[in-house]
Amino acid sequence: MSQTQPAPGAPAPLVEMRGIEKHFGGVVAVNGVSLDLMPGEVVGVLGHNGAGKSCLMRILSGAMAPSHGEIRIGGEVVEMGSPQDARAHGVETIYQTLALADHLDAPANLFLGRELKTRFGNLDDKRMLAEARKVLATLNPNFTNLKDPVSSLSGGQRQVIAIARAIYFDVKILIMDEPTAALGPSETAMVADLIRKLRAQGIGIFLVSHDMHDVFDLCDRVVVMNKGKLVGAHPIDEVHKDDILSLIIKGELPTDWRPRNLEAAQ
Amino acid sequence: MANISQPSQGAWSRLLPSNSATAFHRVSALLTLAILVIAFAFASPAFLSVNNTLTILLQTSVIGLLGIGMTMVIITGGIDLSVGSVLALSGTVTGMMVKAGVPVVPAMMLGVCMGAACGLFNGFVVTKMKITPFVATLGMMLIARGAALQLTGAAPISQLGEAFGVLGNGALFRVVEMQPNGFPKVIFPGIPYPAILLVIVAIVASYMLRRRAIGRHIYATGSNEEAARLSGVLVDRTKLIAYTLSGALAGVAGNVLMSRLITAQPSEGVMYELDAIAAAVIGGASLMGGVGGISGTMIGAFIIGVLRNGLNMGGVSSFIQQIVIGFVVIGAVYIDQLRNRR
Ligand SMILES: Nc1ncnc2c1ncn2[C@@H]1O[C@H](COP(=O)(O)OP(=O)(O)OP(=O)(O)O)[C@@H](O)[C@H]1O
Ligand SMILES: [Mg+2]
């Protein structure tokens, strides 16, 4: 905890990513990105398609090994060698691809890799079903076909399973890679409520999204990636939608930009 | 958490296929089997005789043991082309041990270990060297067959003693009565050991696939390997286990077969891998991974066993048999797809 002592009184960052790079042959998907996440903070991660958002998030969730850079969690340098490592550090991820096993049902997917067992070590399908029913109901009360293979579920239902899987377990850092892409308005609102609730519990959240409205509604801070580089990081009240769009498209702020909250104060 | 213990009726329902699609497949496969049995019984009165039933049981037990291992590998999205050769290598190793003076039971265990080692090697090549299962197990198919032939100089090892033949020829509850004329009369032929072994292995495998975490991981790996990995499933370990079990079961099948012949035959089991694959596929396993089950494979093994035997009794040549079984495999998968497309 000694090297990066924050200002006295300020809480220590949950996550510190330093100089993260990811190369695929000649393609540089993530280029020297440094990024922090505070407890109870929601950071919006934006950028054009292929900007490197998912790669950066996958590196933090242990799904992808970085070419360079280091990750600290609670001040300690950690090796995210596998998704299990990340989970052990309290990092839970809702992947953009959802990462569901199509032939298994919702409870089996929810508990995949962390199955509940009876005292004889058998799968406790009954308890997994009951728990799944409970947590899925908080996100979508109409979720009833829990025993169907998830391949036969709708895109929104599948997304709800992926979200439920991330929040069911003990989460400290939540990565949400476009979690509402397939959701209807009421489910999206539920996810927004969920994000606020988790933030109030002191959980740090990375929210990857293309939805400007969601980002301004939910995030405390917004960072923008452009061609693998981090081109901007601003508290949400410092920027307007046009500023963000400019960062996403051109990789820079409008030439006449000044922090909007200062502007308003004048 | 008061309800951790299962009600008995719940435990049963878990042993049955979980959704209607697999249930439909199971019923249609069973129906096919029943029709085959009835047709062959009409065609040849000897078909339903006790002796012939025993023969079918014995033939099916070898296909069934191979098929169970194959099913686990196929569910992970792989294939094991080496089981026929591994069967031969394991049986030969056991035979050589027995010939060298090792007691039968430890010798057979060593033979099974030989099979497991071959399977472990398959798993290693697939997971660590990242070679596709088809190619990896094709290599093992040649390696194991070559090793079996080399070890024995391609000559069968015979005169392995009565104890070696017990597994393949013995039966539980066999009742034999000495007749006044000095000839033994079989009152009850008993349940052949290979059939008992098959039932035990099938129950254990089914339990493993349905009720244990490793089984769930086998399905998840075949269903979506990347998703399984991201969910924290140790995908490589899961595959290693599946291939090792397939190799070990090929070893068991090899011992059953060679014990039945009381001879270790290094050239035995050629093309058995295809029967095992056919049994799994007729039983509803998908070569795309994620789908399959032991009960289905058992029915598939019996369909093949009954077909082979019935056609034999009807005097149909082995060439025609191959043609028939080929069409049955295609037909079974086609019907399955028709149902899925609806
Ligand atoms: N496994 C991979 N192999 C090779 N290149 C990859 C791989 N994964 C991502 N890339 C490349 O890295 C770049 C960044 O991809 P990434 O998925 O992070 O984009 P993104 O910002 O999440 O885009 P989107 O908004 O479409 O989700 C892209 O150019 C992509 O082609
Ligand atoms: Mg993405």
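Before reading further, recall that the structure is shown in the block above.
Residues numbered from 1 in each chain as written. Chains lettered and ligands numbered in written order. Predicted model: local features only at pLDDT ≥ 70, side-chain atom pairs only at ≥ 80, totals over all residues. Heavy atoms only, no water.

**Q** Help me get a handle on the interface of chain A and chain B, residues and values and all.
**A** In this assembly, 30 residues from chain A lie in contact with 31 residues from chain B. Of the roughly 2,500 Å² buried where chain A meets chain B, counting both sides, 53% is carbon and sulfur surface. On the chain A side of the interface with chain B, the three residues burying the most area are A:H103, A:L123 and A:K126, jointly 23% of the side's total. Our count for the contact surface shared by chain A and chain B stands at three salt bridges. For the salt bridge of B:R216 with A:D125, the shortest nitrogen-to-oxygen distance reads 3.1 Å. Across the contact surface, chain A and chain B share 15 residue pairs in polar contact (both at pLDDT 80 or more). (Contact = heavy atoms within 4.5 Å. Buried area = accessible area lost by both parts, 1.4 Å probe. Salt bridge = Lys/Arg side-chain N within 4 Å of Asp/Glu carboxyl O. Polar contact = N/O pair within 3.5 Å; in protein donor to acceptor, adjacent residues only side chain to side chain.)

**Q** With reference to specific residues and values, describe the nonpolar core.
**A** By size, the foremost hydrophobic cluster in this structure holds 58 residues, and its most contacted members are B:L66 and B:I68. Counting residues in each nonpolar core, the second largest holds 53 residues, with A:A166, A:F169, A:V215 and A:V239 among its members. (Core = buried A, V, L, I, M, F, W, Y, C linked by side-chain atoms within 4.5 Å. Buried < 20%, exposed > 50% of the residue type's maximum accessible area, 1.4 Å probe, protein only.)

**Q** So what's going on with the site of ligand 1? Which residues, and what values?
**A** All names here are of chain A. Taken together, 13 residues form the shell around ligand 1, and within it N49, G50, K53, S54 and C55 come nearest. Contacts to ligand 1 include N49, whose side-chain N or O atom sits 2.8 Å from an oxygen atom. At 2.9 Å, a side-chain N or O of H210 approaches an oxygen atom of ligand 1. Residue contributions to the shell around ligand 1 peak at three residues, all from helix α1 (residues 53-60). Split into classes, the residues belonging to the shell around ligand 1 amount to four nonpolar, seven polar and two charged. (Near = heavy atom within 4 Å. Helix = DSSP H or I, 4+ residues; strand = E, 2+ residues; numbered from the N terminus. Nonpolar A, V, L, I, M, F, W, Y, C, P; charged D, E, K, R; others polar.)

**Q** For the pattern of salt bridges, give the residues involved together with the corresponding values.
**A** All names here are of chain A. Taken as a whole and assessed by the stated rule, the structure comprises 18 salt bridges over all chains. R72 serves as the salt-bridge partner of E70, at 2.9 Å between the closest nitrogen and oxygen. Salt-bridge contacts for R196 lead to D217; the nearest nitrogen and oxygen are separated by 3.2 Å. Residue R196 is found in helix α6 (residues 185-200), and its partner D217 is found in helix α7 (residues 212-218); the two are separated by 21 residues along the sequence. Take R196: its relative accessible area is 32%, and that puts it in the partly exposed class. One continuous salt-bridge network, built from bridges that share partners, spans E16, R18 and D36.

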